[in-house]
Amino acid sequence: MSARIYRPARNAMQSGTGNSKQWVLVYDPALAREIEPLMGYTASADMKQQIRLSFDTQEGAEAYAQKNGIPYTVQPAHETTRKRVSYTDNFRADRKIPWTH
């Protein structure tokens, strides 16, 4: 069973970076999910899908995987680019789109 190491992206609904600083190790699914016939829920017999380990650094996650003999792949982290926008730019006279209420 292989694992994936990645750093999650920030939440699109908020501007903070609270959950995007740690690296996460998750196992790849070994069994396909199936629809449970009685209630129609999506179910799986693979218990390792529930495991989600967090690490402060990528090297820590890789060391854990190597120590426990887990084959892994690392997805590089995507750095966000922040747009610097001034509040006063909303009221400039040379705006391309006029500002209205």
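Here the structure is a predicted model, which is why all the values come from computation and not from measurement. (Residues numbered from 1 in each chain as written. Predicted model: local features only at pLDDT ≥ 70, side-chain atom pairs only at ≥ 80, totals over all residues. Heavy atoms only, no water.)

Caption draft 1: View of the pairing of strand E2 (residues 23-27). E2 sits mainly inside the fold: five of its five residues count as buried. Covered by surrounding structure in E2 are Trp 23, Leu 25 and Tyr 27 together with Val 24 and Val 26, the residues of both alternating faces. Note: strand E1 (residues 3-6) against E2, four bridges, orientation antiparallel. Residue pairing for E2: Ala 3 is matched across the bridge by Tyr 27. Two strands pair when backbone bridges link them, and E2 and strand E5 (residues 52-55) are joined in this way by four bridges, in the antiparallel orientation. Pairing of Leu 25 across the sheet is with Leu 53, part of E5. (Buried < 20%, exposed > 50% of the residue type's maximum accessible area, 1.4 Å probe, protein only. Helix = DSSP H or I, 4+ residues; strand = E, 2+ residues; numbered from the N terminus. Pairing = 2+ DSSP bridges.)

Caption draft 2: Structural view of the sheet that holds E1. Strand order in this open sheet of four strands is E5-E2-E1-E6, and the pairing throughout is mixed. Strand pairing shows two members of the sheet lacking a second neighbour, E5 and strand E6 (72-74), which therefore form its edges. Mean inter-strand twist for the sheet, computed between neighbouring axes without regard to direction, equals 20°. Sheet strands touched by helix H1 (residues 58-67): E1, E2, E5 and E6. Its angle to E6, the strand with the most contacts, is close to 165°. (Axes fitted to C-alpha atoms, helices over the stretch in contact; angles between N-to-C directions. Contact = heavy atoms within 4.5 Å.)

Caption draft 3: Molecular detail of the layout of surface pockets. Looking at the largest pocket, its volume works out to about 330 Å³. In terms of lining residues, the largest pocket is bounded by 14 residues, among which Arg 7, Pro 8, Ser 20, His 78 and Thr 80 are the most central. Tallied by class, residues from the lining of the largest pocket come to five nonpolar, five polar and four charged. (1 Å grid on protein atoms, 1.4 Å probe; cavity = no way out; pocket = protein on both sides within 12 Å on 5 of 7 lines; lining within 4 Å. Points joined across faces, edges and corners; volume = space filled by probe spheres on them. Nonpolar A, V, L, I, M, F, W, Y, C, P; charged D, E, K, R; others polar.)

Caption draft 4: Fine view of the packing of aromatic side chains. Enumeration according to the criterion identifies one aromatic pair in this entry. Look at Phe 55 and Tyr 64: their rings are 5.6 Å apart centre to centre, the planes differ by 45°, and that puts the pair in the tilted class. Tyr 64 sits in the partly exposed class, given a relative accessible area of 31%. Over the ring of Tyr 27 we find Lys 48; its NZ or CZ atom is 4.9 Å from the centre of that ring. (Phe/Tyr/Trp six-rings, centres within 6.5 Å; stacked < 30°, edge-to-face > 60°. Lys NZ or Arg CZ within 6 Å of the ring centre and 35° of its normal.)

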